[in-house]
Amino acid sequence: MGRLLNINKTQKHDLETVLSIKGLSKQYGRVRALDNLNLEVKKGDVFGILGPNGSGKTTTLGIILSVINQTSGQFEWFGEKANKDTRKTIGAILEHPIFYPYLTAVQNLKIVCDIKEVPYARVDEVLTQVGLDERKDTKFKTFSLGMKQRLSIASALLCNPTVMILDEPTNGLDPQGIAEIRELIIEIANSGKTIIIASHLLDEVQKVCSHFCVLQRGKLIYNGLVEDVGKGSVSVEVKADHDDLQTVLEASGLGTTVKRELDKYIIKMEGDHSAAEVNAYLFKQGITAKHLLVQSKSLEKQFLEILAGNKEGGAQ
Amino acid sequence: MMRLLKIELKKVMPNRAFKVLAIMYIVAMVIVSMGVMPFFQFLKAKFTEFGADGIDPTIIPFYEFPDIWQNLTSVMIWFKMLLGFSLIFSITNEYSYRTIRQNVIDGLTKNEFIWSKIIMAGFLSAVSTLALFVLGLITGFIYSSEISFALVFSDVYFLLAFFFQLFAFLLFTLFVGTLIRKSIIAMGLLIFWVLAVENGFYVWSKVKNIEWVEYLLPVKTINSLIHNPFPKYAFMEVQDYVAWHEMGLVILWGALFYWATTRMVLKRDL
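So what exactly am I meant to see when it comes to the overall build of chain A here?
What chain A contains, in helices and strands, is ten helices and 14 strands. When burial is assessed residue by residue, chain A has 49% of its 316 residues classed as buried. Restricting to contacts in chain A with at least 6 residues of sequence separation, those with at least 24 account for 68%. Of the accessible surface of chain A, which amounts to about 15200 Å², a share of 49% is contributed by carbon and sulfur atoms. Averaging the coordinates of the 39 positive side-chain charges in chain A and doing the same for the 39 negative ones gives two points 6 Å apart.

What follows is the structure, given as structure tokens:
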């Protein structure tokens, strides 16, 4: 684990640390929901927390937002212990959107203004920002899920936060809603805000995050840069009209394994061998490839590998 | 403090359950402070109809200074349950909508959250005390045969006792609401506690002749801060003042419920 935690060492500057978590644990009866978690989030990061359901993502966010009492360990916001004003500068949405159903969008946001001590003038600004100004005087309970989700993003934006925390922000939305929310997150990230996103949608994290970590059964099992995903071994997809492409490809010595998927073959490349070499080799054998594609490794693959590796090796 | 009251009023005022309960409470207050004499007059007319001229309920000085203060407060306190329900609603809603969690995430501390409810309880008690004072003054001036500064204000401290009764009771409902977290069950428990448990113990203690049991029953203690004044109109002896030790007990119960509620909210994960 030590190796994994060192990624941020190059840009060490304590002032830039937004959130640092040290040895955080949470015990629910006999279940250890969070086990000695250590994390650092720097200013400007878009930090994804990945993990299967029940891995401790929401518990972690609940603790750093003071709604869940930790069993042991500490966390610091902006280099100091959380005090009564810390959360006023953080915009956070945990799980599904929570508002008073019998109040309108504006009434709900005004309560948040009072809590965060922000002028009411912000209400209209954020409602326009998320595109809810037409429905601002309608009761929250009449909203569709997408509108509810947008209202909670509006609420999180009220205080012009330096940090945003989002828990499964696209949960339960239709594809259009997902795209809209994602757009909004990227927009917010571009304005230089630090964002922490918990999700089990890997695609989402890959599209918006700069850093990510993986939790499993309350333990941190990976922590790194999203751009590092896909480095390392490459796979090449091949299609060609040949009866026994499998044997031909295996005989090439270019890849470690050759796997068949329907009408195409996937070679996991060995060392620095490239797709061009595969093409040249096939041509030499008198075979013309009609499809040749370099697969960049997706976060999903990496994630599943990390989880699988962890199951075999134990949590180290 | 104003910030917390502002937040709480914004949450509660547009709520339908709160509006209905508040209107019921206001109607009850107006009836109690205005309607008793007209009712007595109606009774008198009925009695005359049946030839019972000797009975004249209007000679009871219900609305006369200084009797009016003990009379009004001791009747009006029966309706405290309406305010209690509205407070139970407001606290249990926070749990069932999970808005308490969102409030804390947004930046309210757990302590501030509890205080916003306590301030609301104090606000409701203060407003109803003030309203009762104004209504009492009006009807007192209408029905009193003799008016002087001393007569009007000599027993006005019953209103202060009334304020403490309401406030302590609302702290009790706040405690029940926080403990149970489900509105229907909490209201059920409140009614069951007041009607069955406390009355049961009370009757039992009377039968066994054990005085101190009454002081272990919070709602009984709160209720008996202002003694029932009406037997005196049948020439029986009543306690026509507020006893310090009884006031002390009510404050003690209030403090206990405050402590228990705070502890629960701070210890719990939201």
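In this structure, what is going on with a nonpolar patch on the surface? I would like to understand it.
Together, L130, V134, I138 and I142 of chain B give the surface a local cluster of nonpolar side chains, amounting to about 370 Å² of exposed area. With respect to the helices and strands, L130 of chain B occurs in helix α7 (residues 110-143).

Looking at this structure, how should I read the sheet that holds strand β4 (residues 72-77) of chain A?
In a beta sheet, neighbouring strands pair by backbone hydrogen bonds and run either parallel or antiparallel. Residues and elements named next belong to chain A. Spatially, the four strands line up as an open sheet ordered β2-β1-β4-β5, and their pairing is antiparallel. Among the strands making up the open sheet, the edge pair consists of β2 (31-42) and β5 (80-81). The sheet contact formed by strand β1 (residues 17-28) and β4 spans five bridges and is antiparallel. Among the inter-strand pairings, K22 is bridged to a residue of β4, identified as Q74. Each of β1, β2 and β4 is contacted by helix α2 (residues 57-64), which is oriented at about 115° to β1, the strand it contacts most.

Where do I start with the confidence of the model for chain A in this structure?
Reading predicted coordinates in detail is not appropriate for stretches of low pLDDT. Chain-level statistics for chain A give a pLDDT mean of 84 and a share of 91% at 70 or above. The weakest mean pLDDT in chain A belongs to helix α1 (residues 2-5) of chain A at 43; the strongest belongs to helix α3 (residues 105-116) of chain A at 96.

So what exactly am I meant to see when it comes to the interface of chain B and chain A here?
One frequently used descriptor of interface size is the decrease in accessible area upon assembly of the parts. Opposite the 26 residues of chain B that make contact, chain A presents 30 residues. A buried area of about 2600 Å², summed over both sides, lies between chain B and chain A, and 54% of it is on carbon and sulfur atoms. Linking chain B with chain A are three salt bridges. A salt bridge links D114 of chain A to K10 of chain B, with the shortest nitrogen-to-oxygen separation between them at 2.6 Å. Seen at the junction of chain B and chain A, the total is 16 residue pairs in polar contact (both at pLDDT 80 or more). Listing elements by their share of the side of chain B that touches chain A, those giving two or more residues are α1 (2-12), α6 (99-106) and α12 (244-267) of chain B. The residue makeup of the side of chain B that touches chain A, split by class, is eight nonpolar, six polar and twelve charged.

Any chance you could explain the packing of aromatic side chains here in plain terms?
We describe a pair of aromatic rings using the distance from one ring centre to the other and the angle between the two ring planes. Residues and elements named next belong to chain B. Within this structure, the stated rule accounts for 26 aromatic pairs over all chains. Pairing F169 with F172 gives two aromatic rings, centres 6.3 Å apart and planes at 50°, and the pair type is tilted. Here F172 and F169 lie together in helix α9 (residues 157-180), a separation of three residues that amounts to about one turn. As far as the burial class goes, F169 and F172 line up, both buried. Pairwise contacts between aromatic rings join F40, F62, Y63, Y143, F230 and Y233 into one cluster. In this structure, K80 packs its charged tip against the face of F169, placed 5.0 Å from the ring centre.

Whenever I open this one, the domain arrangement of chain A confuses me. Can you help?
Domain annotation of chain A identifies domain 1 (2-228) and domain 2 (235-296). For domain 1 of chain A and domain 2 of chain A, the distance between their C-alpha centroids amounts to 44 Å.

Which parts of the structure should I look at to understand the sheet that holds strand β3 (residues 46-50) of chain A?
All names here are of chain A. Strands sit in the order β6-β7-β8-β3-β9-β10 across an open sheet of six strands; the sheet is mixed. Looking at which strands have only one partner, the edges of the open sheet turn out to be β6 (90-93) and β10 (219-225). For this sheet, the mean angle separating the axes of adjacent strands, direction not counted, is 15°. Across six bridges, strand β9 (residues 211-216) lies against β10 in antiparallel orientation. Considered in β10, the bridge of Q216 is made with K219. Against the sheet, α2 touches β3, β7 (163-167), β8 (194-199) and β9, its axis set at about 145° to β7.

Would you explain the pattern of salt bridges in this entry?
Any two side chains of opposite charge can pair, so long as their charged atoms come close to each other. Overall, the coordinates contain 23 salt bridges over all chains when judged by the stated rule. Close ionic contact of D35 of chain A with R32 of chain A constitutes a salt bridge, the shortest N to O distance being 3.2 Å. In this structure R32 of chain A comes out as partly exposed when scored by relative accessible area, which is 37%. For K6 of chain B, the salt bridge identified is with D114 of chain A, shortest N-O distance 3.9 Å. With K6 of chain B in helix α1 and D114 of chain A in helix α3, the pair connects residues from two separate chains. The class for D114 of chain A is buried, based on a relative accessible area of 6%. The structure contains a network of salt bridges with shared partners spanning K84, D85, K88 and E117 of chain A.

When you look at the UniProt feature "transmembrane region" (unreviewed entry) in chain B in this model, what are you seeing that I'm missing?
Residue and element names in this part refer to chain B. UniProt annotation of "transmembrane region" (unreviewed entry) refers to residues 20-40, 75-97, 118-144, 156-177, 184-204 and 241-260 when read in the numbering used here. End C-alpha to end C-alpha, residues 75-97 measures 36 Å, and it is 83% helix and 0% strand. From the first C-alpha to the last, residues 156-177 spans 32 Å; its make-up is 95% helix and 0% strand.

Which parts of the structure should I look at to understand the packing of helix α5 (residues 145-157) of chain A against helix α6 (residues 175-190) of chain A?
All names here are of chain A. Running from N to C, α5 and α6 point in directions that differ by 15°, and their axes come no closer than 11 Å. With respect to their mutual orientation, α5 and α6 come out roughly parallel. Considering only the axes of α5 and α6, their crossing is right-handed. Residue-level contacts link Q149, R150, I153 and L157 of α5 to E180, I181, L184 and I188 of α6. Tallied by class, residues from the contact of α5 with α6 come to five nonpolar, one polar and two charged.

About the thresholds
Residues numbered from 1 in each chain as written. Chains lettered and ligands numbered in written order. Predicted model: local features only at pLDDT ≥ 70, side-chain atom pairs only at ≥ 80, totals over all residues. Heavy atoms only, no water. Helix = DSSP H or I, 4+ residues; strand = E, 2+ residues; numbered from the N terminus. Buried < 20%, exposed > 50% of the residue type's maximum accessible area, 1.4 Å probe, protein only. Contact = heavy atoms within 4.5 Å. Areas by Shrake-Rupley, 256 points an atom, 1.4 Å probe, with all protein chains shown as cover. Lys, Arg positive; Asp, Glu negative; His and termini not counted. Charge placed at Lys NZ, Arg CZ, Asp CG, Glu CD. Patch = residues over 30% accessible without salt bridge, like charges linked within 9 Å, V, L, I, M, F, W, Y side chains within 5 Å. Salt bridge = Lys/Arg side-chain N within 4 Å of Asp/Glu carboxyl O. Pairing = 2+ DSSP bridges. Axes fitted to C-alpha atoms, helices over the stretch in contact; angles between N-to-C directions. pLDDT = per-residue confidence, 0-100. Buried area = accessible area lost by both parts, 1.4 Å probe. Polar contact = N/O pair within 3.5 Å; in protein donor to acceptor, adjacent residues only side chain to side chain. Nonpolar A, V, L, I, M, F, W, Y, C, P; charged D, E, K, R; others polar. Phe/Tyr/Trp six-rings, centres within 6.5 Å; stacked < 30°, edge-to-face > 60°. Lys NZ or Arg CZ within 6 Å of the ring centre and 35° of its normal. Domains from an automatic or database assignment. UniProt positions renumbered as here; feature names shortened; annotations may be inferred. Parallel < 35°, antiparallel > 145°, perpendicular 65-115°, else oblique. Left-handed = near helix turned anticlockwise from the far one by under 90°.

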